[in-house]
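# Per-entry structural report
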Amino acid sequence: LSGVSGKDLPSLVDGYKEQLGSGVVLLIADADGKAAVAAGVTKDLTANVSAVDLVRAAVAELGGKGGGGRPDMAQGGGKDAANAEAAIKAAEAVLGS
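What counts and what doesn't
- Residues numbered from 1 in each chain as written.
- Predicted model: local features only at pLDDT ≥ 70, side-chain atom pairs only at ≥ 80, totals over all residues.
- Heavy atoms only, no water.
- Buried < 20%, exposed > 50% of the residue type's maximum accessible area, 1.4 Å probe, protein only.
- Helix = DSSP H or I, 4+ residues; strand = E, 2+ residues; numbered from the N terminus.
- Pairing = 2+ DSSP bridges.
- Axes fitted to C-alpha atoms, helices over the stretch in contact; angles between N-to-C directions.
- Contact = heavy atoms within 4.5 Å.

## Side note on the pairing of strand β2 (residues 34-41)
Of all 8 residues in β2, 7 are buried; the element is thus mostly enclosed. Note: strand β1 (residues 24-31) against β2, 8 bridges, orientation antiparallel. Its bridge partner being in β2, Ala31 is matched across the sheet by Lys34. Where β2 meets strand β4 (residues 73-78), 6 bridges bridge the pair, whose relative direction is antiparallel. If you follow Ala39 over to β4, its bridge partner there is Ala74.

This is the structure:
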């Protein structure tokens, strides 16, 4: 996403989770030249998938470290959003394992 700040991501993630009903959401924003990442997992899936794991996998591809939150909502950041595709693939790999 472009033109969205990191602090706006959680409410966007919640909106998508509500629309999905059951699923996983990962958003990456180009926020002032840096990457902001947020992931959400609907409550029915948190026993199997953690938003924290998704964010940490994505952040590593974006030149950042860590990331945290709860199993249903997590956030992190990286140096550059240019590797967004690799970050998405890293999060997909977490889902596939």
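## Thoughts on the sheet that holds β1
What the 4 strands build is an open sheet, ordered β1-β2-β4-β3; its pairing is antiparallel. Of all the strands in the sheet, the pair left with one neighbour each is β1 and β3 (68-70). Neighbour-to-neighbour, the strand axes of this sheet turn through a mean angle of 15 degrees, independent of strand direction. Where β3 and β4 come together, 3 bridges link them in antiparallel fashion. Each residue of the ladder has a partner; that of Gly69, found in β4, is Ala74. On top of the sheet, helix α1 (residues 9-20) reaches β1, β2 and β4; it is set at about 150 degrees to β1, its chief contact.

Any functional reading would require information that these geometric values do not contain.
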